[in-house]
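Residue-level listing of the chains:
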Amino acid sequence: MTYLPSPMPFAGAELDYAEDRRSMEDLKAYLNRKDAKAVLFKDGKPAMSEDGSLMMVHPDKLNGTNVNHPAPLLLGLRGEMPVFAFSLHDSQKLVDEERFQEMRVVAGRMKPDELAIAGRARSLFQWYHHHQFCSACGKKTRAAYAGMYSHCEACKTDHFPRVNPVVIMLILRGDKCLLGRSPGWPEGAFSALAGFISPGESMEEACLRETKEEVGINVTDVQYVFSQPWPFPSQLMMGLICHTKEDKLTVNTKELEAAQWFSKDEVQAVMNKQGDSFMRPPKFTIAHQLLRHWLSQ
Ligand SMILES: [Zn+2]
C-alpha cells in the first residue's frame, strides 16, 4: 500500500481558527474560561514539561509577565476550549530557562497534535517579530483579532501573516533517487533538493529550475505528492516527485556541498536504520515522508 503520512508532521492541529469569533468580547470570554490553555515560547523555543509534553498553562498565569507582541495570540479553539500562545520577554521567572527547548531538537519526540500547535505558534511569533512596522508607511502596527493579522492605524493597511512556498523534490532515475547536502549539515546527512518558488513561477517550473541550478540536470513528469507547513520560520513545503534520464551531475557548490544517487535498496536500509550510506532526514521532515512514500510504491 502506498504510504501517506497521517497527519503530516506540523499539520493536523485539531484547532478551529475561529476567524469570525475574535472580537474583543469573544477574547475576554475566552480568557475567562477555566479550561483556557496557553503554550509558552521564548526566542522561538517552546516550553516543554518535564514529562516531555508541550507545556500548557492557564493564561491567568501570565498576569504581570512581560510578553512580546502580539498578546494574546489566539491559536484557535479546540471544541470550546481556547488555545493561546505567549512569547515571553527576557528573564521571566514564570518558567525555568531550561524548559525552553529548540524545536528542531524536541520535534521528533513531540506528539503530532502538539507539534502542529507549536509549529503554528512559532511561525506566527516569527512573523510578528519581523513585522512590527507597516511595510507601506513605516508606522508601528498592532495585532488585530487576537493575532489573525496586523493592522496599521496610520494608513489603514492590513498585513496578513505570510507563508512562503517552497518546492522539495525527490528526483528519480530508474530505481535511484537523488539526494543532496548543504554546507554545515551533520556529517553524512542527505536530503531531497528544495528551493523557494519565485514570483511568476508555477510549482512545476520551480522544480525544473531549482534542479537545473543545483545539480545541472533536466527533469520531467513533475508530480505533486503532499505538502507540509514548516515553521523555520514559515514555509509551505510542496513535496514533489519527478524523473530524469540524465545521471551526470554538475553540483552548484554555491548551493550544495554534494549530491549523490542512492539506490532504493540503500535508501530502504537507511530508513530502516540498517544501513549507513547516509544519515536519513528526521521523521518530522517532509523529505523523510517523501522517501517513505517512494519506498512504498
Ligand atoms: Zn501603514
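Residues numbered from 1 in each chain as written. Predicted model: local features only at pLDDT ≥ 70, side-chain atom pairs only at ≥ 80, totals over all residues. Heavy atoms only, no water.

S.K.: So what's going on with helix H6 (residues 286–295)? Residues and values would help.
M.R.: The buried count for H6 comes to nine of 10 residues, which makes it a mostly enclosed element. Against the buried residues of H6 lie strand S9 (164–173), strand S10 (176–181), strand S12 (220–230), strand S13 (235–243), strand S14 (258–263) and helix H5 (264–271). (Buried < 20%, exposed > 50% of the residue type's maximum accessible area, 1.4 Å probe, protein only. Helix = DSSP H or I, 4+ residues; strand = E, 2+ residues; numbered from the N terminus. Contact = heavy atoms within 4.5 Å.)

S.K.: Break down the domain arrangement of the protein for me, citing the residues and quoting the values.
M.R.: How large an interface is tends to be reported as the accessible area lost when its parts come together. On domain assignment, one finds that the protein holds domain 1 (24–128) and domain 2 (164–295). Contacts between the two partners involve nine residues from domain 1 and, on the opposite side, six residues from domain 2. Taken together, both faces of the contact between domain 1 and domain 2 bury some 670 Å²; the carbon and sulfur share is 68%. Considering only the surface of domain 1 that becomes buried against domain 2, Arg104, Arg122 and Ser123 emerge as the three largest contributors, covering 63% of it. The tally of links between domain 1 and domain 2 comes to zero salt bridges. Inspection of the region where domain 1 meets domain 2 yields two residue pairs in polar contact (both at pLDDT 80 or more). Elements with a minimum of two residues in the side of domain 1 that touches domain 2: helix H2 (103–106) and helix H3 (112–130). Here the side of domain 1 that touches domain 2 is built from residues that sort into three nonpolar, four polar and two charged. (Domains from an automatic or database assignment. Buried area = accessible area lost by both parts, 1.4 Å probe. Salt bridge = Lys/Arg side-chain N within 4 Å of Asp/Glu carboxyl O. Polar contact = N/O pair within 3.5 Å; in protein donor to acceptor, adjacent residues only side chain to side chain. Nonpolar A, V, L, I, M, F, W, Y, C, P; charged D, E, K, R; others polar.)

S.K.: Go over the sheet that holds strand S7 (residues 149–151) with me, naming the residues and quoting the values.
M.R.: Strand order across the open sheet formed by three strands is S6-S7-S8, with antiparallel pairing between neighbours. Looking at strand neighbours, the two that pair on one side only are strand S6 (142–144) and strand S8 (158–159), the edges of this open sheet. Looking at chain direction, S7 and S8 are connected through two bridges and run antiparallel. Within S8, the residue paired with serine 150 across the bridge is histidine 159. (Pairing = 2+ DSSP bridges.)

S.K.: Could you give an account of unusual backbone geometry, naming the residues involved and the relevant values?
M.R.: Following alanine 71, the chain continues into proline 72 via a peptide bond in cis, with omega recorded as -10 degrees. With respect to the helices, strands and loops of the structure, proline 72 is situated in the loop between strand S3 (56–57) and strand S4 (73–78). The omega torsion of the bond from phenylalanine 232 to proline 233 falls at 0 degrees, within 30 degrees of zero and hence cis. Along the chain, the position of proline 233 falls in the loop between S12 and S13. Positive phi outside glycine occurs at tyrosine 145, with the angle close to 50 degrees. Summarising the element assignment, tyrosine 145 is placed in the loop between S6 and S7. Owing to a relative accessible area of 43%, tyrosine 145 belongs among the partly exposed residues under this scheme. Within the chain, lysine 156 stands out as a residue other than glycine whose phi angle is a positive 65 degrees. Tracing the sequence through the fold places lysine 156 in the loop between S7 and S8.

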